[in-house]
Amino acid sequence: MKKIYCIIAALLLIPCAMQAQTDVDLGTELGGRLSFGFDKKISRGFHLYAEEELRVDENFSSLNRLQTTVGLKYKVNDYLKVGLGYAMINPYSTTNSAFKNSRHRVMLDVTGSYRTGSWRFSLKERFQLTHRTGDMNIYQNPRNMMALKSRLMVQYKGFQRVEPYAYFELRNTLNAPHITACYDSANDLWCVDASTLTGEAGWFLDGYTAVYVNRLRGALGTEIQLSRHSSLDLHIMVDRVMDYVVDANAEGTKLKSYTYETGNVGWIAAAYTFSF
């Protein structure tokens, strides 16, 4: 019966192993995103773009990050676009009141689209690799995190200057820590041997091989053409976040906790783009 459960979990992209975790509900919070960008046509089909984004979270009470993105897009034909981008993410630490430990992200996009009448449907696949800098605990997260995002979008183009849209997106983490330790609830002890409940930690980290869906996102918005060269994108998003979180000491000799954290984050966003 256990094998059946594992097979079902694998199909759902949820890691299944000899592991236990504590479920943690993070509740619901609100945040905001504000960005300014430009889109430059280089030649037929090729576009260069850049964007600067500011994010706030914790119910608009805290600065979250500054993010700078640059990239290149190419329209292969009416049905297919590809893109390559780079983002520098500068997280803001409320503890130190400073930006620290920048992250570098590389993104590869493939977008297929189809238009019928005033409706446009698209499916976008994005592979991204995020490199963490500075001091970090490699027993909790890999230095290079990989993820795959899939977005299904529908857009109505029947109006002259306004194009409403909606999309649904899921994100898979591709190399999360894989834990095989067990938990002795009677003694409040994380252990290695499930049969004897011995060992406090040992080599509980098998590697970065866990694959699972860690975010679901839904969005409603509209693109407004302000002029020939400028547009404004206004939208709201709701994220359902689901993360397996490892808390261990820096030496990897003690597993402090292993939790499955869930929560909801609502975003209000505005993005201005200048095209030329």
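Up top is the structure.
Quick notes on the rules
- Residue positions are counted from 1 within each chain, in the order its sequence is given.
- This being a predicted model, a pLDDT of at least 70 is required before a residue's local features are given, and a value of 80 or more before pairs of side-chain atoms are given or counted; all residues contribute to the totals for chains, interfaces and linings.
- Excluded from the side-chain calculation are hydrogens and water; included are all heavy atoms of the structure.
- Only one rule defines a salt bridge in this text: a Lys or Arg side-chain nitrogen within 4 Å of an Asp or Glu carboxyl oxygen.
- A run of H or I in DSSP counts as a helix once it spans at least four residues, and a run of E counts as a strand once it spans at least two, with each numbered from the N terminus.
- Relative accessibility under 20% of the residue-type maximum defines a buried residue, over 50% an exposed one, and the middle range a partly exposed one, all with a 1.4 Å probe and only protein chains included.
- The criterion used for residue contact is that any of the two residues' heavy atoms lie within 4.5 Å.
- Aromatic contacts are taken between Phe, Tyr and Trp rings whose centres are within 6.5 Å, Trp giving its six-membered ring; a plane angle under 30 degrees counts as stacked, one over 60 as edge-to-face, and the others as tilted.
- Two N or O atoms count as a polar contact when they lie within 3.5 Å, although within protein this holds only if one can serve as hydrogen donor and the other as acceptor, and sequence-adjacent residues are included solely when both atoms are side-chain atoms.
- Pairing between strands requires that DSSP locate at least two bridges from one strand to the other.

Caption draft 1: Region of the structure containing the pattern of salt bridges. As enumerated under the stated definition, the model contains nine salt bridges in all. Between Glu169 and Arg215 there is a salt bridge, and its shortest N-O distance comes to 2.6 Å. Of the two residues, Glu169 sits in strand S9 (residues 162-179) while Arg215 sits in strand S12 (residues 205-225), which places them 46 residues apart along the sequence. In this structure, Glu169 and Arg215 share a single accessibility class: buried. In this structure, Arg217 engages Glu169 in a salt bridge whose closest nitrogen and oxygen atoms are separated by 3.9 Å. Of this pair, Arg217 sits in strand S12 while Glu169 sits in strand S9, placing them 48 residues apart in sequence. The exposure classification of Arg217 matches that of Glu169, with both residues buried.

Caption draft 2: Representation of the environment of Leu26. Here Leu26 is to be found in strand S1 (residues 22-43). Among the residues examined, Leu26 registers a relative accessible area of 54% and is labelled exposed. Separated by 215 residues in the primary sequence, Leu26 and Val241 have C-alpha atoms spaced 9.2 Å apart. Apart from residues lying up to four places away in sequence, Leu26 is in contact with Glu261, Thr262 and Gly263.

Caption draft 3: Region of interest: the packing of aromatic side chains. One pass over the full model with this rule turns up eleven aromatic pairs. Look at Phe36 and Tyr272: their rings are 5.4 Å apart centre to centre, the planes differ by 10°, and that puts the pair in the stacked class. Here Tyr272 lies in strand S14 (residues 255-275) and Phe36 lies in strand S1, a separation of 236 residues in the sequence. The partly exposed category is assigned to Tyr272, whose relative accessible area is 25%.

Caption draft 4: Quick peek at the side chain of Asn137. Within the secondary structure layout, Asn137 lies in the loop between strand S7 (119-132) and strand S8 (144-156). Accessibility expressed as a relative area gives 14% for Asn137, which makes it buried. Among the polar contacts listed, one links the side chain of Asn137 to the backbone oxygen of Ala248, at a separation of 2.8 Å. Reaching out from Asn137, the side chain makes a polar contact with the backbone oxygen of Asn249 at a distance of 3.3 Å. Aside from chain neighbours lying at most four places away, what touches Asn137 is Ala248, Asn249 and Ala250.

Caption draft 5: Seen up close, the pairing of strand S2 (residues 46-57). The pairing of S1 with S2 spans eleven bridges and is antiparallel. In the strand pairing of S2, Ser43 is matched with Phe46. If you look at the hairpin formed by S1 and S2, you'll find two residues sitting between the two strands, and Gly45 has a positive phi there, around 90°. Taken together, S2 and the strand that follows it, strand S3 (residues 62-77), pair antiparallel across an intervening segment of four residues, in which Glu58 is found at a positive phi of about 50°.

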